[in-house]
Amino acid sequence: MIVIGGGLAGLAASVALAESGWRVRLFEQRPFLGGRAASYLLPDGEHVDNCQHVTFGCCTNLEDFYRRVGSAGKIKFFDRLLLLDPQGRRGVMHAGFLPAPFHMTGSFFLFSPLGFKDKLSIARAFYSILQSGGHPHDVDEPGGISMLEWLRRHKQSPAAISRFWRVVLVSALSEELDRIDARYGIDVFWKAVLSNKNGYRMGVPSVALGELYDGCQAAIEKKGGEVVFRSPLRSLRIESGKLTAVLFDDGREESADAFVLALPHLVLSELLPESVKRTDTALGNLDKITVAPITGVHFWFDRQVMTEPFISLLDTTTQWIFNKSALYAGSDGAAPAAEKGQYLQLVISASYDLLQKPRQEIIDLCLKEVRHALPAAREANLLKATVIKEAAATFSPQPGVDRWRPMQQTNIGGLFLAGDWTATGWPATMEGAVRSGYLAAEAILRSAGTPKQFLQPDLKPDGLAGLWAKS
């Protein structure tokens with residue numbers, strides 16, 4: 001068994017197959033694992049994450065994967081989400097004593113950045129989602145409708161859209177509301193906010209992302225497999241409708257009984273022969289799945305400027321600020337007293353406007369926003385900063401995109417696919433990537449006559465939300 005690609009999708013497939021008795025050979029073009037959810041060293045020796053990735057209580061398969069590779073203890077979960085608007089008004093979202101779907105009612109009505117009419121319009125939209133058990137009929141139009149259109153149909157106020165719906169969904173789905181299929185937007189609120197009291201809990205790695213995958217290589221090698229780095233795939237050998245070999249640099253050729261290609265969809269499209277793309281609809285339309293960018297900005301200050309582990313900013317370019325010093329220290333608040341400086345990571349999803357901006361302009365813009373939001377930063381010196389742009393960070397969950405997402409088992413013999421862009425039922429998330437890897441492993445085992453299930457069920461609706469889910 002050969003797996004190409006050491007991102008989350010490829011790792012999930014590899015670990016599942018290795019546990020099932022297959023000898024897995026994993027080939028990764030870079031010298032480390034993790035794909036887009038990786039970390040690396042700067043020239044000065046500083047560890048930085050490619051982008052800040054988080055999980056939520058509703059991400060059941062990602063939780064299962066972390067457990068399998070021994071990384072569950074490296075994720076710290078938080079029950080309190082803090083938001084701050086430019087006027088200095090704070091809103092805190094957290095579950096109270098009421099059962100789902102009313103568990104966040106108290107903090108919602110005390111959320112100061114929104115007015116009463118804004119909250120009332122949001123409550124009406126929530127009721128529509130609840131009535132349908134998370135599957136409103138008005139999102140099933142041919143080709144789909146955008147989340148922005150759905151919100152307008154449900155008479156959401158401009159403030160509710162910009163300060164609530166957009167804040168959650170751009171961060172969760174890495175895309176703007178007019179480019180999000182409403183089905184995915186509603187799914188986020190059903191699974192993470194309404195259906196279960198624990199769905200919204202946010203898990204943040206307490207280590208550099210690269211450390212989350214330390215157990216993956218060991219899990220594969222323990223079962224007799226191997227991980228081969230610096231091995232970019234160059235071409236595929238497809239004969240008589242079957243993938244027989246993969247080719248690397250220097251003419252190296254590797255064969256196997258089955259192959260999992262866990263590559264970005266645009267990379268896979270370039271590797272596939274034109275004859276295959278012409279005759280196989282599922283593989284011939286990969287280039288119709290567009291991509292969305294994410295920008296990470298990293299600041300190192302000479303002193304502590306932030307005590308919260310993370311905070312979300314409203315009405316600014318900067319969407320999230322993560323207190324990496326505190327998170328790495330395993331603390332809910334300030335970094336250790338012995339640590340004089342502080343390291344913050346900023347995240348801007350769907351960052352189309354930043355792609356063409358020079359590095360220093362982005363730093364100046366974000367630094368101004370940080371100093372406005374965090375008074376202690378106004379007197380602090382910025383020791384260094386870096387900007388990481390991922391132009392193709394995720395696939396874009398545009399209306400109707402599901403028609404182009406292929407299944408994990410293809411019509412080509414021996415060729416299986418993994419990647420968040422495959423048909424998983426989820427958008428471009430780490431949960432979706434792991435789901436794709438599990439589904440690819442299940443397809444291989446099924447075709448070999450030894451079926452096994454790895455896919456974990458969604459978080460079960462609890463409290464009163466369970467009544468709507470059953471109706």
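Residues numbered from 1 in each chain as written. Predicted model: local features only at pLDDT ≥ 70, side-chain atom pairs only at ≥ 80, totals over all residues. Heavy atoms only, no water.

J.: Help me out: how do you make sense of helix α4 (residues 116-131) in this one?
T.: Each full turn of the α-helix corresponds to 3.6 residues, which orients residues three or four apart in the same direction. Here α4 is 16 residues long and its end C-alpha atoms lie 22 Å apart, about the 22 Å a rise of 1.5 Å per residue gives. Along α4, the positions that sit buried rather than exposed are Asp118, Lys119, Ser121, Ile122, Ala125, Phe126, Ser128, Ile129 and Leu130. Just downstream of α4, Gly133 is the residue with a positive phi angle, here 65 degrees. (Helix = DSSP H or I, 4+ residues; strand = E, 2+ residues; numbered from the N terminus. Expected span 1.5 Å × (residues − 1). Buried < 20%, exposed > 50% of the residue type's maximum accessible area, 1.4 Å probe, protein only.)

J.: Before we go on, may I ask you to explain the sheet that holds strand β2 (residues 25-27) in this structure?
T.: Each strand in a sheet pairs with another by means of backbone hydrogen bonds, the pair being arranged parallel or else antiparallel. With parallel pairing, the five strands of this open sheet are ordered in space as β10-β2-β1-β14-β20. Only two strands of the sheet have a single partner each, and these edge strands are β10 (226-228) and β20 (415-417). With strand direction ignored, the average angle separating the axes of adjacent strands in the sheet is 20 degrees. With three bridges joining them, strand β1 (residues 2-4) and strand β14 (residues 259-261) adopt parallel strand pairing. Following the sheet pairing, Val3 is matched in β14 by Val260. On top of the sheet, helix α14 (residues 430-447) reaches β14 and β20; it is set at about 155 degrees to β20, its chief contact. (Pairing = 2+ DSSP bridges. Axes fitted to C-alpha atoms, helices over the stretch in contact; angles between N-to-C directions. Contact = heavy atoms within 4.5 Å.)

J.: What's the story with the pairing of strand β12 (residues 242-247) in this structure? I'm lost.
T.: Along a regular strand, successive side chains alternate from one face of the sheet to the other. Bridge count between strand β11 (residues 235-239) and β12: five bridges; the pairing is antiparallel. Opposite Glu239, over in β12, you have Lys242 as the bridge partner. Where β12 lies against strand β13 (residues 253-254), two bridges are found, and the strand directions are antiparallel. Within β13, the residue paired with Val246 across the bridge is Glu254. Where β12 folds back on β13, the antiparallel hairpin that results is connected by five residues, among which Asp250 adopts a positive phi of roughly 60 degrees.

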